[in-house]
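A look at the structure
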Amino acid sequence: MRLNNYKFKRYFIDSKDFSHRLTIILGQRGIGKTTTLAQLASKNKDSLYLSLDDIEISNDITSIIREFVLNGGKYLYLDEIYKSKDISAVLKFAYDNFKELNIVATGSSALEVLKSSHDLSRRAIIYKMSGMSLREYIGLKYNIDLDALDFKNLLVNHENIAVNIISVLKQKDLVIIKLFREYLKVGYYPYYNDMPNDTAFYQTLKQGIEATIDSDLLSIYPNLNGNTARKLKILTHAIGVNVPYQPNYSRLKSLVDIRDDRTLKEYLAMLDSAGLIRLLMKNELAIKNMDKADKIYLENTNLMYLNNPDTGNVRETFFANQLGNITEIYSGKAGDFMVGEFTFEVGGAKKSFDQNKDVQNSYIAADDIEVGVGKKIPLWLFGFLY
C-alpha cells in the first residue's frame, strides 16, 4: 500500500509501453524496480503482485498463475524472477497458455539467460531500467517537475534550457550546482530518502555489492562458486579505487589470480551486466566478454563515494552514466567520449578546446558552471536526459 500511494513515479511508468503480453524489466538492486512494479499493479483491476523472493511462491509459481487466471486474473506482476528456478520455462508456459494474461516481470541486470533464451526472445519485450537521473532526483527530493530533454536539442539550445531550469529552481531558493553535488554523492538510488543518514546509505551500497555478487550472479550463473565470488569482489574493489580505470589486464590477472585474458574478460562482463561497473569499448564492433575495454568505470557516482574519489573521475563517471543509460557511448579518439557523431571532452570550468579544436562536432561538458556558451555545455545539464 505504501508503494502504491507513492507520489513520485520513475520515468519508466510513462515512457515505456506495457501493453505487450510479456514485458521484462532488468536493472540493478536498489533503483526502484519493486516500487515501479507495485505502481503499475495499482493502475489495473484484476491484478496480482508476487515477489519470487518468497521460496514458497517461487517453488509453486505455475500453479499460482493457473489459479489466478481461472479466477479472472488479467494482470500479473512478478518481482525478482531470477530467484525462481526454470523461470524461462514458467514464463513461456504462461505466455503460451493464457492468451488474455498480461505479465510484467523484474529481474537482475545480469539476467542474460532471458536474453539468450530463444523461446523468450520471440515472446518478451525486455527493457533496461537505470537509477535516477539528476532530473528525477530533483523531482523526488524537492517535488519539482522538470521535463526530460532531447539530446540533440540540448546541444543546440543548452543556454536557454539552463537559464529556464535555474529560474525554476530559484523560485524554491535552490541552486543547481549544490543539487548536482548532492546527486553525485547520494542521488542515484531512490531509497536514499528513506535512510536516516549518509553512513547508513553507504553501508547499504556495500551490502548491495556483496548481495549482487553472492546472490544475484551466483543464482544466474550456477557454475560459479565461492572462490569466483571472492575474485569478483576483489576485482570490483580494484576498479573502485582506480576509476576510470585504464585497464592493465596483466596487473588485474595477477591481482585476482586469473591466468588467462578470456576469464578476466568474462568476469568484467559479468560485473558490467550486473550494473556494478561500466565497460567503455572503443566502438560498436567490440564485444564486452571478448575484447578489451578502453576504460572501466564504476556504474554510477554514488558507488565512487564508498572511497575518496578524484574529481575528474567523478565527472567522467557521471557523463558516462547519464549518456550510457539512454544511448550507446564509446571511448573517444580525440576526446573522452563518442556519442554518435559527437565528440565530448569532460573537464572543469576552465577546460578549453585546445585538445580537439580541429575535431568536427566536438563539445566540452564543463563542471562548475551554471550556464554554458556555444559548444561548452554545463556538465550538470546532461543529467536531464531521462
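Anything mentioned here points back to the structure above.
Residues numbered from 1 in each chain as written. Predicted model: local features only at pLDDT ≥ 70, side-chain atom pairs only at ≥ 80, totals over all residues. Heavy atoms only, no water.

**Remarks on the overall build of the chain**
Broken down by element type, the chain carries 16 helices and 12 strands. Relative to the compact-globule value of 21 Å for 386 residues, the chain shows a C-alpha radius of gyration of 22 Å, a close match. Each of the three principal axes of the chain carries a C-alpha extent, and together these read 65 × 55 × 40 Å. Looking at the 386 residues of the chain, the share that counts as buried comes to 53%. Counting 49 positive and 47 negative side-chain charges, the chain places the averaged centre of each group 1 Å from the other. (Helix = DSSP H or I, 4+ residues; strand = E, 2+ residues; numbered from the N terminus. Rg over C-alpha atoms; globule rule 2.2 N^0.38 Å. Buried < 20%, exposed > 50% of the residue type's maximum accessible area, 1.4 Å probe, protein only. Lys, Arg positive; Asp, Glu negative; His and termini not counted. Charge placed at Lys NZ, Arg CZ, Asp CG, Glu CD.)

**As for the layout of surface pockets**
Of the volumes computed, that of the largest pocket is approximately 760 Å³. Breaking the lining of the largest pocket down by element, the ones donating at least two residues are α6 (112-116), β5 (125-128), α14 (261-273) and β6 (277-280). Partitioning the lining of the largest pocket into residue classes produces 12 nonpolar, 10 polar and 9 charged. Lining the second largest pocket are 23 residues, and of these Lys9, Arg10, Tyr11, Arg135 and Glu136 lie nearest its centre. Listed by contribution, the elements that provide at least two residues to the lining of the second largest pocket are α1 (12-15), β5 and α8 (134-142). Of the residues that constitute the lining of the second largest pocket, the class distribution is 10 nonpolar, 4 polar and 9 charged. (1 Å grid on protein atoms, 1.4 Å probe; cavity = no way out; pocket = protein on both sides within 12 Å on 5 of 7 lines; lining within 4 Å. Points joined across faces, edges and corners; volume = space filled by probe spheres on them. Nonpolar A, V, L, I, M, F, W, Y, C, P; charged D, E, K, R; others polar.)

**Structural notes on the pattern of salt bridges**
Inspection of every chain in the model, using the stated rule, returns 19 salt bridges. Between arginine 181 and aspartate 367 there is a salt bridge whose closest N-O contact spans 3.2 Å. In this pair, arginine 181 is assigned in helix α10 (residues 176-186) and aspartate 367 in the loop between β11 (362-366) and β12 (376-378), connecting sequence segments 186 residues apart. For arginine 181, a relative accessible area of 28% gives the class partly exposed. Residue classification places aspartate 367 among the buried residues on the basis of a relative accessible area of 4%. (Salt bridge = Lys/Arg side-chain N within 4 Å of Asp/Glu carboxyl O.)

**Structural notes on the sheet that holds strand β4 (residues 102-107)**
Strand pairing in a sheet relies on backbone hydrogen bonds. The paired strands run either parallel or antiparallel. With parallel pairing, the 5 strands of this open sheet are ordered in space as β2-β3-β4-β1-β5. Lying at the two open borders of the sheet, with one neighbouring strand each, are β2 (47-51) and β5. Averaged over all pairs of adjacent strands, the angle between their axes in this sheet comes to 15 degrees, without regard to strand direction. Packed onto the sheet, helix α2 (residues 33-42) meets β1 (22-26), β2, β3 (75-79) and β4 and runs at close to 170 degrees relative to β3. Across the sheet, helix α4 (residues 61-70) touches β2 and β3, and the angle it forms with β2 is around 170 degrees. (Pairing = 2+ DSSP bridges. Axes fitted to C-alpha atoms, helices over the stretch in contact; angles between N-to-C directions. Contact = heavy atoms within 4.5 Å.)

**Looking at α10**
Spacing of three or four residues puts side chains on the same side of an α-helix, whose turn is 3.6 residues. Along α10, the residues classified as buried are Ile176, Leu179, Phe180, Glu182, Tyr183, Leu184 and Val186. Taken together, the buried residues of α10 touch α8, α9 (151-170), α11 (198-220), α15 (301-304) and α16 (311-324).

**Examining the packing of aromatic side chains**
If you walk through the whole model with that rule in mind, you get 25 aromatic pairs. Taking the centre distance of 5.0 Å and the plane angle of 80 degrees together, the rings of tyrosine 192 and phenylalanine 201 count as edge-to-face. Across this residue pair, the class does not change: tyrosine 192 and phenylalanine 201 are buried. Chaining the aromatic ring pairs together yields one cluster made of Phe151, Tyr297, Phe319, Phe337, Phe342, Phe344, Tyr363 and Phe382. Just above the ring of phenylalanine 12 sits the side chain of lysine 16; from NZ or CZ to the centre is 5.5 Å. Sitting over the ring of tyrosine 363, lysine 375 keeps its end group 5.4 Å from the ring centre. (Phe/Tyr/Trp six-rings, centres within 6.5 Å; stacked < 30°, edge-to-face > 60°. Lys NZ or Arg CZ within 6 Å of the ring centre and 35° of its normal.)

**Comments concerning the packing of α11 against helix α12 (residues 226-240)**
At a minimum axis distance of 10 Å, the contact between α11 and α12 shows a crossing angle of 140 degrees. As summarised for this structure, α11 and α12 are arranged oblique, according to the angle between their axes. Considering only the axes of α11 and α12, their crossing is right-handed. In this structure, α11 contributes Ile209, Glu210, Ile213, Asp214, Leu217 and Leu218 to the contact, and α12 contributes Ala229, Leu232, Lys233 and Thr236. (Parallel < 35°, antiparallel > 145°, perpendicular 65-115°, else oblique. Left-handed = near helix turned anticlockwise from the far one by under 90°.)

**Digging into the side chain of lysine 33**
Among the structural elements, lysine 33 can be located in helix α2. Nearest to the buried, unbridged lysine 33 among oppositely charged side chains is aspartate 79, at 6.3 Å. Separated by 3.0 Å, the side chain of lysine 33 and the backbone oxygen of glutamine 28 make a polar contact. Other than its neighbours up to four places away in sequence, lysine 33 contacts Ile25, Leu26, Gly27, Gln28, Thr106, Gly107 and Met129. (Polar contact = N/O pair within 3.5 Å; in protein donor to acceptor, adjacent residues only side chain to side chain.)

**A look at the pairing of strand β10 (residues 342-347)**
For β10, the tally of buried residues reaches 6 of 6 residues, placing the bulk of the element in the interior. Side chains Phe342, Phe344 and Val346 of β10 all project onto a buried face; the interleaved residues Thr343, Glu345 and Gly347 project onto the opposite face, where all are buried too. Across 3 bridges, strand β9 (residues 337-339) lies against β10 in antiparallel orientation. Paired with methionine 338 across the bridge in β10 is threonine 343. Where β9 folds back on β10, the antiparallel hairpin that results is connected by 2 residues, among which glycine 340 adopts a positive phi of roughly 60 degrees. In this sheet, β11 lies alongside β10 in parallel orientation, the contact comprising 5 bridges. Bridge pairing links valine 346 to alanine 365 in β11.

**Here's the deal with the sheet that holds β11**
Ordered by their spatial adjacency, 5 strands build an open sheet running β8-β9-β10-β11-β12, and the pairing between neighbours is mixed. Each edge of the open sheet carries a strand with a single partner, namely β8 (330-331) and β12.

**Quick word on the pairing of β6**
The two faces of β6 match: Ile277 and Leu279 on one face and Arg278 and Leu280 on the other face are all buried. Sheet analysis places β6 next to strand β7 (residues 295-298), joined by 4 bridges and oriented antiparallel. Bridging from a neighbouring strand, leucine 279 pairs with isoleucine 296 of β7.

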